Amino acid sequence: MSDLLVKPKTDQKTYHSLTSEQAGWTYLNFEAKVLDLNEQYTLNTGDYEYCIALLGGNFKVETDQGIWETGNGRKDVFSGIGHAMYLSRNTEFTLTAQTNKTDIAICWVATDEDHPPYMKRPEEAAIEFRGGDNANRQINSLLQPGFDCHKIVCVEVYTPSGNWSSFPAHKHDVRTVDADGTLIEANLEEIYFYKIDKPQGYAIQQVYTDDRSLDEIVRVHHNEAVLVPKGYHPVAAAHGYNVYYLNFLAGSDQSLANTSDPGHDWIYGSWKGQDPRLPIVTLEMNNAK
């Protein structure tokens, strides 16, 4: 099995739990868990900033700085747009599940900065259709570049059956600025956390560097994750299966600045049209049952 592929624990409510040390990198820590109705998750963020993404259900978050409720959560990731709760360091919080099988993904990153807590709601998410033809996909920005935090970026991506995504391939592993100091490429770690709309479905992800010192092709199923420590990382959705992935990123900059694989740059602008199956999810689909 690839060292980049992380399989879920099928017999535990916390079905992913991965520290930066376990991943072999610096910034990103990751969990995913399912909570029963009224079950609580209580923690002090300590020296970390947190992003809690709602995958399915509804939750309430209580802190000494305020109370937030999702209210219009989605049944699952294929039934609407996500909420993201941002919490700064040194924050005591209690998250209470307001539906059965409330599904959440959690990212935390060490920080020496304070930022205000905020619930990014589906109504605020910027929705983009990127690429074209059979490289067309939907991107929903949860904690977008420029969001008031220190390092975390979080987006969710929907790739229709048979389409390519994160393509043309790009990388973000060397911090590069131009002569004016403008950021050209950030140095970011990234997690791809997958959901597939049918249990037997899958996606294919490649992670490779220019010198091919890293060159892996991974077959990814529902609830599995892929670590991207460096290199280019395109995705293809198997025919017949719509593919979702949640991206958590952190590193040198709160940015998505990247460099594409120059061998494929010719593809930009070559597309003839947009995939009529997009959007896969809309705000009107929200309201978990």
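Look up: the structure comes first, before these words.
Okay, so let's go over this structure. It should be emphasised that the depicted structure is a prediction, and the values quoted were computed from it without experimental measurement.

1. Here we look at the environment of Glu113
- The residue Glu113 is located in the loop between β10 (102–110) and β11 (118–120) in this model.
- Each C-alpha atom of the pair Glu113 and Thr26 lies 17 Å from the other, and the pair is 87 residues apart in sequence.
- Those residues in contact with Glu113 that sit more than four places away from it in its chain are Ser88, Arg89 and His150.
- Of note is the side chain of Glu113, whose polar atom sits 2.8 Å from the side chain of His115.
- Of note is the side chain of Glu113, whose polar atom sits 3.3 Å from the side chain of His150.

2. Thoughts on the sheet that holds strand β3 (residues 29–35)
- Pairing is antiparallel across the open sheet formed by six strands, whose spatial order is β2-β3-β10-β5-β8-β11. The open sheet terminates on both sides in strands that have one partner only, identified here as β2 (14–18) and β11. Each neighbouring strand pair of the sheet contributes to a mean axis angle of 15°, computed without reference to strand direction.
- Note that β2 and β3 share four bridges and pair antiparallel. Looking at the pairing, Leu18 lines up with Phe30 of β3.

3. Details of the pattern of salt bridges
- Here the structure, examined in full by the defined rule, presents 15 salt bridges.
- With its nearest N and O atoms 3.9 Å apart, the salt bridge here joins Arg121 to Glu123.
- Taking the relative accessible area as the measure of exposure, Arg121 reaches 24% and is therefore partly exposed.
- Several salt bridges share partner residues, and in doing so they unite Lys13, Asp36 and Glu39 into one network.

4. Overview of the environment of Val281
- If you trace the backbone, Val281 turns up in the segment after β24 (259–260).
- Sequence separation of Val281 and Arg212 is 69 residues, and the distance between their C-alpha atoms is 36 Å.
- Leave out the neighbours within four places in its chain, and Val281 touches Val77, Phe78, Ser79, Gly80, Ile81, Gln138, Asn140 and Tyr158.

5. Some remarks on the state of the cysteines
- Within the structure shown, the criterion is met by zero disulfides.
- Cys51 forms no disulfide, and the closest cysteine sulfur to it belongs to Cys154, at a distance of 4.3 Å.
- For Cys154, a relative accessible area of 0% gives the class buried.

Calculation rules
- Residues numbered from 1 in each chain as written.
- Predicted model: local features only at pLDDT ≥ 70, side-chain atom pairs only at ≥ 80, totals over all residues.
- Heavy atoms only, no water.
- Helix = DSSP H or I, 4+ residues; strand = E, 2+ residues; numbered from the N terminus.
- Contact = heavy atoms within 4.5 Å.
- Polar contact = N/O pair within 3.5 Å; in protein donor to acceptor, adjacent residues only side chain to side chain.
- Pairing = 2+ DSSP bridges.
- Axes fitted to C-alpha atoms, helices over the stretch in contact; angles between N-to-C directions.
- Salt bridge = Lys/Arg side-chain N within 4 Å of Asp/Glu carboxyl O.
- Buried < 20%, exposed > 50% of the residue type's maximum accessible area, 1.4 Å probe, protein only.
- Disulfide = S-S within 2.5 Å.

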